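# Fold and geometry: a report
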Amino acid sequence: MNNANITKNDCKIQTTPLKQIHVSAAVIFRTAAGGEKLVFATQRGYGEWKDWWEFPGGKIEDGESAEQAVVREIREELATEIRAERKLCTVEYDYPAFHLTMECFLCSIVSGKLTLLEHENAAWLSEEKLKSVKWLPADVEVLENLKELF
């Protein structure tokens, strides 16, 4: 075939832009009695990614900052008041049906006991146990940023 006669109109590529979802996630650490650092993770109890593990959080609503969103989401999902101490990272990830922008914050607990209101399960994971659960793909990228914190 002679490619010299092909025009751009001969090769129509239809691309549909992915839906954009912008979320905030809380990376909550605590130190166990023996001095071991642990990070809090939750297991999804619903949807296409049911049973996969993630850092808790959710969608940023119109008019709120990423920090405000993560505080609100943890209050709604886990009945706990937190403080977003500092931004850890931003993950950009393409899932099959949407593009996710996830702003992750190191957070501390102000009050409450991390009560599961929406998630199936939760765990405090040590550095050695981080890979013992099946993380959502975007959350796997966050794990790389945790190495300096353990």
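Residues numbered from 1 in each chain as written. Predicted model: local features only at pLDDT ≥ 70, side-chain atom pairs only at ≥ 80, totals over all residues. Heavy atoms only, no water.

### What to know about the overall build of the chain
Inclusion rule: Labels follow the DSSP assignment, with helices taken as runs of H or I lasting at least four residues and strands as runs of E lasting at least two, numbered in each case from the N terminus. For the radius of gyration, the atom set is restricted to C-alpha positions; the globular benchmark scales as 2.2 Å times the number of residues to the power 0.38.
What the chain contains, in helices and strands, is 2 helices and 7 strands. In the chain, the succession of helices and strands from N to C terminus is β-β-β-β-α-β-β-β-α. On C-alpha atoms alone, the chain measures out to a radius of gyration of 19 Å, which is more than a quarter above the 15 Å that the 2.2 N^0.38 rule sets for 150 residues. With respect to the three principal axes, the spread of C-alpha positions in the chain is 75 × 35 × 30 Å.

### Quick look at the environment of W52
Heads up, the rule is: In this analysis, two residues are considered to be in contact whenever any of their non-hydrogen atoms come within 4.5 Å of each other.
Inspection of the secondary structure puts W52 in the loop between strand 2 (37-43) and strand 3 (53-54). Along the backbone, W52 and G112 are 60 residues apart, and their C-alpha atoms lie at a distance of 25 Å. Beyond its immediate stretch of four places on either side in the chain, W52 contacts T42, Q43, R44, K134, W135, L136 and P137.

### Observations concerning helix 1 (residues 66-78)
A turn of α-helix holds 3.6 residues, and therefore any two residues three or four places apart point the same way. The criterion, for reference: Multiplying 1.5 Å by the residue count of a helix minus one yields the expected span of that helix. Partly exposed residues are those whose accessible area sits between 20% and 50% of the maximum for their type, while under 20% is buried and over 50% is exposed, using a 1.4 Å probe and protein chains only.
Between its first and last C-alpha, helix 1 extends 18 Å over 13 residues, near the 18 Å set by a 1.5 Å rise per residue. If you check which residues of helix 1 are buried, you get A66, A69, V70, V71, R72, E73, I74, E77 and L78. Contacts made by the buried residues of helix 1 are with strand 1 (19-31), strand 2, strand 4 (57-59), strand 5 (80-94) and strand 6 (98-112). A79 lies just past helix 1 and shows a positive phi near 50°.

### Here's the deal with the UniProt feature "domain: Nudix hydrolase" (unreviewed entry) in the chain
This is how it is decided: UniProt positions are given in the numbering used here, feature names are shortened, and annotations may be inferred rather than shown by experiment.
When the UniProt feature table is mapped onto this chain, "domain: Nudix hydrolase" (unreviewed entry) is found at residues 19-150. Taken end to end, residues 19-150 comprises 17% helix and 45% strand; its first and last C-alpha atoms sit 35 Å apart.

### Let's talk about the environment of F29
In this fold, F29 is placed in strand 1. Taking C-alpha positions, F29 is 11 Å from F105, a pair spaced 76 residues apart along the chain. Apart from the residues within four sequence positions on either side, F29 is in contact with K37, L38, V39, L106, C107, W124, L146, L149 and F150.

### Overview of the pattern of salt bridges
Where charged atoms from two side chains of opposite charge come close, those side chains can pair. Test applied: We define a salt bridge as a side-chain nitrogen of Lys or Arg found within 4 Å of a carboxyl oxygen belonging to Asp or Glu.
Enumeration over the complete set of coordinates arrives at 12 salt bridges. One salt bridge in this structure joins E64 and R72, with 2.6 Å as the shortest N-O distance. Beyond isolated ion pairs, a larger network of salt bridges with shared partners links E61, E64, R72, E73 and E76.

### Section: the pairing of strand 5
Where a strand is regular, its side chains alternate between the two sheet faces. Convention followed: Whether two strands pair comes down to DSSP finding at least two bridges between them.
Across 13 bridges, strand 5 lies against strand 6 in antiparallel orientation. Across the sheet, the residue bridging to E92 is T101, located in strand 6. Connecting strand 5 to the antiparallel partner strand 6 that follows it, the hairpin turn spans 3 residues.

### Some thoughts on the layout of surface pockets
Which entries qualify depends on this criterion: With a 1 Å grid spanning the protein atoms alone, the term cavity applies to any set of points in which a 1.4 Å probe fits but cannot get out, the term pocket to an open set with protein on both sides within 12 Å along at least five of seven lines, and the term lining residue to any residue with an atom within 4 Å of a point. Grid points are joined across faces, edges and corners, and a volume is the space filled by probe spheres set on the points. Throughout, the ten residues Ala, Val, Leu, Ile, Met, Phe, Trp, Tyr, Cys and Pro are labelled nonpolar, Asp, Glu, Lys and Arg are labelled charged, and all others, Gly among them, are labelled polar.
As a volume, the largest pocket reaches approximately 460 Å³. Taken together, 25 residues form the lining of the largest pocket, with V23, R44, E54, F98 and L100 sitting closest to its centre. Residue assignment for the lining of the largest pocket shows that the elements contributing at least two residues are strand 1, strand 4, helix 1, strand 6 and helix 2 (137-146). Looking at which element gives the most residues to the lining of the largest pocket, the answer is strand 1, with 4 residues. Across the lining of the largest pocket, the residue classes break down as 13 nonpolar, 4 polar and 8 charged.

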